[in-house]
Number of protein chains: 2
Amino acid sequence: MPTTTALTRAACEKLDAGDPLRHARERFRIADGTVYLDGNSLGAMPASTPAAVAQTIARDWGTDLIRSWNTAGWANLPQVVGDRLAPLIGALPGEVVIADSTSINIFKLLAGILSRPALLAEPSRRFILTERGNFPTDIYIAEGISAMLAGRYQLKVVEGGALVDSLDETVAAALITHVDYRSGFMHSMSALNLAATRAGTSIVWDLSHSAGAVPLQLSENGTDFAVGCGYKYLNGGPGAPGFVYVRQSHQATLQTPLSGWFGHTDPFAFALHYAPAPDIRRFLCGTPPVLGVVALNAGIATFDGIDLASLRAKSLALSELFWQLMDDRCADLGFACVSPRDKTSRASHLSFAHMHAYPIMQAIIGRGVIGDFRQPNLMRFGFTPLYTRFVDCWDAVATIREVVVSGAWRDAKFQARNQVS
Amino acid sequence: MPTTTALTRAACEKLDAGDPLRHARERFRIADGTVYLDGNSLGAMPASTPAAVAQTIARDWGTDLIRSWNTAGWANLPQVVGDRLAPLIGALPGEVVIADSTSINIFKLLAGILSRPALLAEPSRRFILTERGNFPTDIYIAEGISAMLAGRYQLKVVEGGALVDSLDETVAAALITHVDYRSGFMHSMSALNLAATRAGTSIVWDLSHSAGAVPLQLSENGTDFAVGCGYKYLNGGPGAPGFVYVRQSHQATLQTPLSGWFGHTDPFAFALHYAPAPDIRRFLCGTPPVLGVVALNAGIATFDGIDLASLRAKSLALSELFWQLMDDRCADLGFACVSPRDKTSRASHLSFAHMHAYPIMQAIIGRGVIGDFRQPNLMRFGFTPLYTRFVDCWDAVATIREVVVSGAWRDAKFQARNQVS
């Protein structure tokens, strides 16, 4: 029950009216009656995506056919869209390329680093460092690499808070996700990059839950290698390709075992032996997934002209409001926020533990308030400042309160719990 | 000049009128005035694709959002579409899955085989066998695996005719492309599978230039492992995902180092350690590229109700006609066919060497006859029986003759030669 604040739905509407980013919502199509707080899992559909993909299919493929590899620029699309993404993550032109999935891209970089002869010759560097709370696919890929390299490296899985101290001379490489997919906790990239440099090792960063959500400065903060997801905050659509970032100075020396023909310096020479491109193209592998890259391009275009500082400010204002509303209106209902209280340590989603998290989430989804459930007992809500409104926070919390107080959650038809992070 | 035959354009029209597959062309949209003989590189656009993809974008993503992983069946799409493809390649349900690119899929299978402890413990098996004429990305990926496995295996690259005799007890695994991307030469899968079995080794087959072009019987012909391309004869669109086939009996024992979360036995349990699915799903890696899989599904649907024997019969009739027309009408112009004369040894494309192959190809493309150029001196023409007509062969050869005899090829604006195989 509101006691210490005077928050009302009208007050939230006022916040929306004064929001400098309020017009960005027009760049998306979101159904009336839907409160979408899951853009951290699958970004909403940009208004421009249907036409962009339709044109690629009907005109470029349908009419120009194979010629479109040249005339429509398909062959260079991974670099062109990578360059468009670069400013969102503080990278330079030529440092980002769109390719494959996040899992595959982790393999490219981590296996490339761990296969370096100089590193193999240093047996004391035997650990692949990561954290227990990392997104599972990151750890799974690291396990696959470790197995393929015949146990030369072992996984060292520590608690997140122990990462800095664990970056020592026994570490061959670290695989760190910037933002925890459950709690929203955000590491300091600068601090960890510095610790890695001091320890003479490298970090492969997974930016899946931060790219497009918080301003990133990969060039300035000393990041050497990173990957990220195209279908979350970047709005690229279901299963959109991911991205690879490699600092310019490392591009000529890091070679990935995923040495497909699009990473060749001259793919159409059809040479007998692999010779990697001298630049970011070497982190391509097979033929680029054109439809996916086109859709991702439309997703990234939703950030055109958006000031990232304003984006971050609104993201934090939204999550602060949501948290305050939960405190005010649902304090008696058994929820406990597991996200960092300190704003500088969290990204753009909040998670609340509840013993009935799963059926409550199903019940509110049934009422058009879409967050997601994460094992074992978390309700997760993502705030995507380009299209999330302050009234959305009000309506979501009101719906949560209603389904819990009324007991409606007990009747919720439990849907399959398979949702894609 | 026609001497021994009475072939005319009218005779070709008559062949089209009597073609039992003539109505299949209505399943595609091909611009008037285009003679498309490059479906072996990028299949033409199915008429149903724009609506299928538009629905996935606007309805499933745009309206149902994250819920579509369940409600629209996105989560199972790679298996569902794999099962739809299975009969085209003579595989059983549950033996095929749609995923990633051909290059990535080769890595999954070949690296999985070569990482098996039992094989690693047999140092006399030291070769990855392949042929010199293999498509480059196949060899490049094998090189990447060999390097990552620290030289435990070396590539052995032989001429195609030497593959059978080279399958001996020194071979750890073979990587063989069924159909040569230049000549169209087609290996006998049965004969090579038998030789591999006798030698106690495995073949990973690349079916990129045969799936959808010739009837395949993977179950019957003893194939254990295969990959293939979605954007050629399967009409999946530019950069469509590829497919993975693993014989049922091998699925539980082959583990790929590309161990992403969608290959986990229970991805949404978010378990700390990787445990591969017991079935074909273990050959998935990251989140499936939904738009690409949906488009590929529409491409595979163009084969619905088509008898593969009729498809093969028409394919051979088209290539025989084309070759005969080239012999009849262009014999004096310096072309030499490099494809096998024996019909049982070739798939569904023909290649002709010519000292001016590149500008001639550009000139005929400028006149709407689309084949492609392949290094060093080849003009390649693919015959896709679902939509190629007999008059297309006539018109193509007439155009070739015209640009050569008139000298128009000298004036052809040379476009960039980068085309995607």
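Residues numbered from 1 in each chain as written. Chains lettered and ligands numbered in written order. Predicted model: local features only at pLDDT ≥ 70, side-chain atom pairs only at ≥ 80, totals over all residues.

A. Here's a closer look at the packing of helix α5 (residues 102–114) of chain B against helix α7 (residues 136–148) of chain B. All names here are of chain B. Look at α5 against α7: their axes get within 9 Å of each other, and the N-to-C directions meet at 40°. With respect to α7, the axis of α5 lies oblique. Read as a crossing pair, α5 and α7 show a hand that is right-handed. Across the interface between the two elements, Thr102, Ser103, Ile106, Phe107, Leu110, Ala111 and Leu114 from α5 touch Thr137, Asp138, Ile141, Ala142 and Ile145 from α7. Split into classes, the residues belonging to the contact of α5 with α7 amount to eight nonpolar, three polar and one charged. (Axes fitted to C-alpha atoms, helices over the stretch in contact; angles between N-to-C directions. Helix = DSSP H or I, 4+ residues; strand = E, 2+ residues; numbered from the N terminus. Parallel < 35°, antiparallel > 145°, perpendicular 65-115°, else oblique. Left-handed = near helix turned anticlockwise from the far one by under 90°. Contact = placed C-beta atoms within 7 Å. Nonpolar A, V, L, I, M, F, W, Y, C, P; charged D, E, K, R; others polar.)

B. Representation of the relation of the copies chain B and chain A in the model. It takes a turn of 180° to lay chain B on chain A, together with a shift of 0.0 Å along the axis; the resulting RMSD is 0.0 Å. On this basis, the relationship between the two copies can be described by a two-fold rotation axis. When the interface residues of chain B are mapped onto chain A, 100% of them again lie at the interface, so the same face is used by both copies. (Least-squares fit on C-alpha atoms with pLDDT ≥ 70 in both.)

C. Geometry of the interface of chain B and chain A. Contacts between the two partners involve 78 residues from chain B, matched on the other side by 78 residues from chain A. Put simply, the parts of the chain that give the side of chain B that touches chain A at least two residues each are α2 (49–61), α3 (68–71), α5, α7 and α11 (290–301) of chain B. For the side of chain B that touches chain A, the residue count by class is 46 nonpolar, 25 polar and seven charged.

D. Spatial organisation of the sheet that holds strand β14 (residues 372–374) of chain A. All names here are of chain A. On the basis of which strands lie adjacent, the open sheet formed by four strands has the order β11-β12-β15-β14 and antiparallel pairing. Two strands lie at the open edges of the sheet, namely β11 (336–337) and β14, each paired on one side alone. Pairing of strand β12 (residues 349–353) with strand β15 (residues 378–382) involves five bridges; the strand directions are antiparallel. Note on β15: the bridge partner recorded for histidine 349 is glycine 382. Packed onto the sheet, helix α11 (residues 308–330) meets β11, β12 and β15 and runs at close to 20° relative to β12. (Pairing = 2+ DSSP bridges.)

E. Up close: the sheet that holds strand β7 (residues 171–177) of chain A. Residues and elements named next belong to chain A. The seven strands lie next to each other as β4-β10-β9-β8-β7-β5-β6, forming an open sheet whose pairing is mixed. With partners counted over all chains shown, the strands left at the sheet margins are β4 (96–99) and β6 (154–158), one partner each. Going across the sheet, the axis of each strand differs from the next one's by a mean of 20°, ignoring polarity. The pairing of β4 with strand β10 (residues 242–246) spans four bridges and is antiparallel. Across the sheet, isoleucine 98 pairs through a bridge with phenylalanine 243, a residue of β10. Lying over the sheet, helix α4 (residues 77–85) contacts β4 and β10, oriented at roughly 125° with respect to β4.

F. Spatial organisation of helix α7 (residues 136–148) of chain A. Residue and element names in this part refer to chain A. With 13 residues, α7 should cover 18 Å at 1.5 Å per step; its first-to-last C-alpha distance of 18 Å lies within 8% of that length. With eleven of 13 residues buried, α7 lies mostly within the body of the structure. Among the residues of α7, those classed as buried are Pro136, Thr137, Asp138, Ile139, Tyr140, Ile141, Ala142, Gly144, Ile145, Ser146 and Met148. (Expected span 1.5 Å × (residues − 1). Buried ≥ 20, exposed ≤ 12 C-beta atoms within 10 Å, placed from the backbone.)

G. Region of interest: the environment of A:Ala111. Residues and elements named next belong to chain A. As for its position among the elements, alanine 111 is in helix α5 (residues 102–114). Take alanine 111: there are 25 C-beta atoms within 10 Å of it, and that puts it in the buried class. With 34 residues separating them in the primary sequence, alanine 111 and isoleucine 145 have C-alpha atoms 6.2 Å apart.

H. How the structure looks around the nonpolar core. Judged by nonpolar contacts, the single largest core of 268 residues is most densely connected at A:Leu110, A:Val204, B:Leu110 and B:Val204. Apart from residues no more than four positions distant in its own chain, B:Leu110 is found in contact with B:Ile141, B:Ala142, B:Ile145, B:Ala173, B:Leu175 and B:Val204. (Core = buried A, V, L, I, M, F, W, Y, C linked by C-beta atoms within 7 Å.)

I. Representation of the pairing of strand β5 (residues 127–131) of chain A. Residues and elements named next belong to chain A. For β5, a buried count of five out of five residues is recorded, marking the element as mostly surrounded by other parts of the structure. Burial along β5 is two-sided: Phe127, Leu129 and Glu131 facing one way and Ile128 and Thr130 facing the other are all buried. Each parallel crossover has a hand, and for β5 linked through α7 to β6 it is right-handed. Across three bridges, the pairing between β5 and β7 is parallel. Of the residues in β7, the one forming a bridge with phenylalanine 127 is valine 171. (Right-handed = clockwise from strand over helix to strand, strands pointing away.)

J. Here's a closer look at the packing of helix α4 (residues 77–85) of chain B against α11(B). Residues and elements named next belong to chain B. Where α4 contacts α11, the two axes come as close as 10 Å, and the packing angle between them is 20°. Taken together, α4 and α11 sit at an angle that is classed as roughly parallel. Helix-helix and strand crossings are classified by hand; for α4 and α11 the assignment is left-handed. Every residue of α11 that contacts α4 at Leu77, Pro78, Val81, Arg84 and Leu85 is listed here: Val290, Val293, Leu296, Asn297 and Ile300. When its residues are assigned to classes, the contact of α4 with α11 shows eight nonpolar, one polar and one charged.

K. Examining the domain arrangement of chain A more closely. Residue and element names in this part refer to chain A. Once the domains are mapped, chain A shows domain 1 (9–47 + 307–411) and domain 2 (51–301). Across the contact, 24 residues belong to domain 1 and 20 residues belong to domain 2. Of all the secondary structure elements, the ones that give two or more residues to the side of domain 1 that touches domain 2 are α11 and β12. Top element by residues in the side of domain 1 that touches domain 2 is α11. It accounts for four residues. Taken together, the residues that form the side of domain 1 that touches domain 2 break down as ten nonpolar, eleven polar and three charged. (Domains from an automatic or database assignment.)

L. Examining the environment of A:Arg29 more closely. Structurally, the position occupied by A:Arg29 is in strand β1 (residues 28–29). A:Arg29 sits in the partly exposed class, given 19 other C-beta atoms within 10 Å. Distance from A:Arg29 to A:Ala47, taken between C-alpha atoms, is 5.3 Å for residues 18 residues apart in sequence. What A:Arg29 contacts, discounting residues up to four positions off in sequence, is A:Met45, A:Ala47 and B:Gly62.

M. Broad picture of unusual backbone geometry. Of note, the amide linkage connecting A:Gln375 to A:Pro376 takes the cis form, showing an omega dihedral of -5°. One non-glycine residue, A:Leu65, lies in positive phi territory at about 55°. Its location among the elements puts A:Leu65 in the loop between α2 (49–61) and α3 (68–71). C-beta crowding within 10 Å serves as the criterion here: with 24 such atoms nearby, A:Leu65 is assigned to the buried category. One non-glycine residue, B:Asp100, lies in positive phi territory at about 45°. Judged by the 33 C-beta atoms lying within 10 Å of it, B:Asp100 falls in the buried class.

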